[in-house]
Structures are given as structure tokens and as C-alpha cells.
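# Secondary and tertiary structure notes
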Amino acid sequence: MKQLIYLDNAATTKTRPEVVEAMLPYFTEYYGNPSSIYEFSAESKRAVNHARETIANALGAKTNEIYFTAGGSESDNWALVATAEAYGNKGKHIITSKIEHHAILHTCQYLEKRGYEVTYLDVDENGVVKLDELKKAIRPDTILISIMFANNEIGTIEPIREIGEIAKEHNILFHTDAVQAFGHVPINVDEYHIDMLSSSGHKLNGPKGIGFLYIRTGVKIRSFIHGGAQERKRRAGTENVTGIVGYGKAVELAMAEMEERVAKETELRDYLIGRVTDEVPFTRVNGSRTNRLPNNVNFAFQFIEGESLLIKLDMAGICGSSGSACTSGSLDPSHVLLAIGLPHEIAHGSLRLTLSEENTKEEMDYVADQIKEIVAYLRGMSPLYEDFIKKNR
């Protein structure tokens with residue numbers, strides 16, 4: 001197999017061996033349904049409760065505020081749709097931002113077709129929600145503010161504490177999509193005044209197909225999936241015991257190693273950004289240079305197409321993306337990059353690289369060298385670049 005440098009951890013992460021090891025007994029040895037009353041199922045129930053406690057502690061939450069789901073998209077859908085249904089008599093207005101994940105944006109569009117009004121906030125050139133605009137958007141009938149903790153494409157971390165304070169001051173529920181942030185940066189739901197929070201296991205070295213929605217005690221939203229009494233009657237369906245166990249172990253490892261991992265990823269991130277911006281002309285870093293996820297790098301290269309760059313990088317053994325994995329089949333430029341003010345022609349030349357603690361400085365040098373070579377090659381075939389050079393000689 002050719003050399004592989006995996007730099008698409010925002011799309012998914014490798015499941016840690018310790019996580020797999022923790023999960024294995026619950027496939028073959030402790031396979032009982034945790035909802036059953038006989039003793040054999042007690043171990044499954046204990047394991048689910050232990051994982052729930054681990055996750056709650058990581059957030060500063062109560063164990064009975066953690067509800068397991070199939071992933072971040074389900075959690076986002078649940079938070080928005082169930083809140084709209086439960087609080088519709090109070091109002092039908094929701095506030096979100098233009099750079100949310102499509103699990104939020106498409107759910108908002110679904111609700112708009114059902115009589116709800118949604119305000120989509122602008123962001124600044126770094127992708128930061130404008131707090132003044134948020135305050136102006138609040139109406140007497142506003143029932144929910146949903147702003148992501150950190151953007152999945154450009155890595156910008158939003159002013160969540162301030163947003164939470166604004167929501168609390170106006171007695172409005174506050175949900176945050178923390179799929180990219182949970183386990184990567186510290187989060188305390190009380191300090192940030194968060195009422196609901198979505199997360200997904202495969203974004204922090206856990207298994208796919210498992211997530212959770214944190215719902216603060218007192219938030220009166222309804223079930224999203226009906227059919228049984230699981231998850232304290234709020235989410236029907238037999239619990240994914242193996243996934244829950246794996247997620248709990250992944251969270252345990254992430255919290256124990258966070259400080260060391262953040263320091264390493266930040267150093268590698270900044271090193272790669274420095275090399276590429278110094279050595280590849282007409283390159284822009286998208287998102288905040290400082291207030292961003294420790295492992296996120298997002299470039300926009302003028303005069304090239306991002307897809308061509310990705311194919312060439314893949315041939316060199318480098319896995320990256322041009323944006324969210326959920327929209328990788330789309331030919332349209334990223335809605336996030338357009339929202340921060342990039343014109344279409346530059347947004348099309350984007351590259352997202354998301355690191356892990358396993359990457360090395362030597363790999364970053366190889367990646368920087370390949371980017372420099374490939375971008376120069378692609379620009380050499382670009383009539384737009386040729387015209388630009390002629391005009392600026």
C-alpha cells in the first residue's frame with residue numbers, strides 16, 4: 001500500500017484500539033438487551049450507565065440529561081423539530097447562522113415549510129457570528145437559538161458563552177451543534193448556558209452510528225423517535241450498547257489526553273499554515289487564525305479547482321477534503337466560504353485538512369511540498385492565472 005497521510009479527521013476519525021477492545025465483549029459475551037429485567041442484561045445496562053456518566057462528567061452535566069442517538073444529524077434534527085413542536089404555542093421563530101451544518105440548515109428549511117420563521121445570521125470574514133445582529137434578531141416569539149460551537153469546515157470557534165448569556169437573558173432556549181468541538185476543546189454546559197448540545201462518536205476516535213443529545217433538565221421537548229420507553233421515554237429503540245460503550249471509552253480517552261493533544265495539533269497546524277502561506281502565493285487561510293479548532297486548516301488557492309487539487313493529493317497519498325464530507329458530491333462552492341465573503345472562483349479552490357495527534361512534522365513537510373508542487377502545476381494549466389500574470393508584470 002502506498003504511503004497514507006490521513007488529514008480528514010473532521011469527516012471521520014480512526015476508532016482507537018482501546019475503544020474497539022472495550023466494545024468487543026458487548027458483541028459476544030454481554031449481548032443482553034439493557035431494557036430486559038433478567039440478571040444477564042444487567043451488565044449491558046451497567047455499561048450504558050457508565051458511558052452516560054462519563055459523557056455527563058465531561059460536559060459538567062447530569063447523567064439523566066444525556067440521551068443517546070444514532071449520531072449528530074439525528075441529534076440536531078431532534079433538538080430543532082422537537083423544540084418547535086413543544087414550544088410552538090409560545091412562538092414560531094428560530095435563529096441560526098448561515099454557516100451551520102446542513103443537519104441544521106435543512107431541518108430549518110423543513111420547519112419553514114411548516115409555518116415557522118427562521119432568521120439566518122450573517123458572519124464576519126472569519127466566520128464569527130455577529131452578536132449585535134443576534135440581539136437585533138430576537139423577537140417576542142423567538143423560541144430557539146441554534147449556533148454551532150465550532151465550524152466543521154473552517155474551524156472557527158464561535159462566542160458560545162456570550163450567545164448563551166444572550167439566550168438566557170431573553171429566556172430563549174439555546175442549542176449548539178458541538179459535533180466538531182466535543183472532546184477536542186473544553187465544554188461546560190452550565191458555564192456556557194447551553195440548553196441542548198449535539199455530538200457524534202466518530203468525530204473523536206469512537207465508532208460510527210452513535211451520538212447523543214444533551215437536554216438540560218426542565219427543557220420540555222418531546223420524543224423524536226416513537227415506539228418504546230428507552231432513554232427515559234424520549235428516544236425509542238433498543239440501545240446501541242456496543243456503540244455507547246465505545247463512545248464512553250473514546251470520551252474518557254479524549255478528556256484524559258486533551259491538553260497534550262491540543263498542544264501537539266496546534267503546533268502542527270500552525271507549522272503547516274506557515275509553510276504553505278509563505279511558499280504558495282495567492283493563498284488565503286479561511287477562518288480565524290487563532291480562535292479555531294486545534295486541528296483545522298482551511299486554505300483557498302486562487303486560480304485552481306479544489307477537486308483537481310484533491311485528486312492530485314490523493315495520488316500522493318494525502319487524504320483531505322474541500323469541505324463537509326456530507327456534501328462532497330456537490331459541485332457548488334461551500335456555503336460556509338460564500339458566507340464569509342469569498343467569491344465563487346476562490347471558494348472553488350478550497351482545501352480542508354484536519355489533523356490528528358498521530359500526524360508528524362515530517363508529514364506536514366511532505367504535505368506542504370506536495371501542495372506547493374501541485375498548485376504550481378494546476379496554475380500552469382490555468383488561462384486565468386496566465387492572464388493575471390501577464391497583466392501584473
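Residues numbered from 1 in each chain as written. Predicted model: local features only at pLDDT ≥ 70, side-chain atom pairs only at ≥ 80, totals over all residues. Heavy atoms only, no water.

Right, let's get into the overall build of the protein chain. Of the regular secondary structure elements, the protein chain holds 14 helices and twelve strands. Relative to the globule expectation of 21 Å for 393 residues, the C-alpha radius of gyration of the protein chain, 22 Å, shows essentially globular dimensions. Expressed as lengths along the three principal axes of its C-alpha atoms, the size of the protein chain is roughly 75 × 55 × 35 Å. A separation of at least 24 residues holds for 73% of the contacts in the protein chain among residues at least 6 apart in sequence. Entry remark: accessible area of the protein chain is about 17300 Å², with carbon and sulfur atoms responsible for 51%. Between the averaged position of the 43 positive side-chain charges in the protein chain and that of its 54 negative side-chain charges there is a distance of 4 Å. (Helix = DSSP H or I, 4+ residues; strand = E, 2+ residues; numbered from the N terminus. Rg over C-alpha atoms; globule rule 2.2 N^0.38 Å. Contact = heavy atoms within 4.5 Å. Areas by Shrake-Rupley, 256 points an atom, 1.4 Å probe, with all protein chains shown as cover. Lys, Arg positive; Asp, Glu negative; His and termini not counted. Charge placed at Lys NZ, Arg CZ, Asp CG, Glu CD.)

Turning our eyes to something else, we now look at the side chain of Asp76. By secondary structure assignment, the location of Asp76 is in helix H4 (residues 72-87). An unpaired buried charge is present at Asp76: no salt bridge exists, and Lys203, the closest side chain of opposite charge, is 10 Å distant. Excluding its chain neighbours within four sequence positions, the residues that come into contact with Asp76 are Ala103, Ile104, His175, Asp177 and Ser198. (Buried < 20%, exposed > 50% of the residue type's maximum accessible area, 1.4 Å probe, protein only. Salt bridge = Lys/Arg side-chain N within 4 Å of Asp/Glu carboxyl O.)

Glancing now at the pattern of salt bridges. Pairs may arise between side chains of opposite charge once their charged atoms sit close together. Within the structure shown, the criterion is met by 21 salt bridges. Here Glu252 makes a salt bridge to Lys249, at a shortest N to O gap of 3.2 Å. Taken together, the residues Glu252 and Lys249, both in helix H9 (residues 241-279) and three residues apart, mark about one turn of the helix. The salt bridge partner of Arg261 is Glu265, with a shortest N-O separation of 4.0 Å. Separated by four residues within a single helix, Arg261 and Glu265 lie in helix H9, roughly one turn from each other. Glu265 carries the same exposure label as Arg261, and that label is buried.

Right, let's get into the packing of H4 against helix H5 (residues 102-112). Closest axis-to-axis distance for the H4/H5 pair is 9 Å, and the angle between their directions is 30°. By the criterion of interaxial angle, the relationship of H4 to H5 is roughly parallel. By crossing handedness, the relation of H4 to H5 is classed as right-handed. Contacts from Ser73, Asp76, Asn77, Leu80, Val81 and Ala84 of H4 reach H5 at Ala103, Ile104, Thr107, Cys108, Tyr110 and Leu111. Tallied by class, the residues present in the contact of H4 with H5 amount to eight nonpolar, three polar and one charged. (Axes fitted to C-alpha atoms, helices over the stretch in contact; angles between N-to-C directions. Parallel < 35°, antiparallel > 145°, perpendicular 65-115°, else oblique. Left-handed = near helix turned anticlockwise from the far one by under 90°. Nonpolar A, V, L, I, M, F, W, Y, C, P; charged D, E, K, R; others polar.)

If you walk across this open sheet you meet the seven strands as S2-S8-S7-S6-S5-S3-S4, and the pairing is mixed. At either margin of the open sheet sits one strand with a lone partner, and together these are strand S2 (66-69) and strand S4 (117-121). Shown here is a sheet whose adjacent strand axes are inclined to one another by a mean of 20°, direction ignored. Bridge count for strand S5 (residues 142-146) against strand S6 (residues 173-177) is three bridges, and the pairing is parallel. (Pairing = 2+ DSSP bridges.)

Now for the environment of Ser200. In this structure, Ser200 sits in strand S7 (residues 196-200). Its relative accessible area of 5% is what places Ser200 among the buried residues. Separated by 131 residues in sequence, Ser200 and Thr69 have C-alpha atoms that sit 8.7 Å apart. Sequence-distant contacts of Ser200, that is, excluding residues within four places in its chain, are made with Gly71, Gly72, Val179, Ile210, Gly211 and Tyr247.

Side chains on a regular strand alternate between the two faces of the sheet. Counted residue by residue, S5 has five buried out of five residues, so it is predominantly covered. Here three bridges tie strand S3 (residues 93-97) to S5, and the two strands are oriented parallel to one another. Bridge pairing in S5 places Ile94 opposite Leu144.

Another point: unusual backbone geometry. Positive phi is not limited to glycine here, since Asn205 has a value of about 70°. As for its position among the elements, Asn205 is in the loop between S7 and strand S8 (211-215).

Each strand in a sheet pairs with another by means of backbone hydrogen bonds, the pair being arranged parallel or else antiparallel. Judged by pairing direction, the sheet is antiparallel, and its three strands sit side by side in the order S9-S10-S12 without closing on themselves. Because the sheet does not close on itself, it has two edges, and the strands there are strand S9 (283-285) and strand S12 (350-354). Strand after strand, the sheet turns through a mean of 25° between neighbouring axes, direction not considered. Relative to strand S10 (residues 296-301), S9 runs antiparallel, the two being bridged by three bridges. Bridge pairing in S10 links Arg284 to Ala300.

A word on the pairing of S6. The buried count for S6 comes to five of five residues, which makes it a mostly enclosed element. Here S6 shows no split at all, with Leu173, His175 and Asp177 on one side and Phe174 and Thr176 on the other all buried. When S6 meets S7, the two strands line up parallel, connected through three bridges. Each bridged residue has a counterpart across the sheet, and for Thr176 the counterpart in S7 is Leu197.

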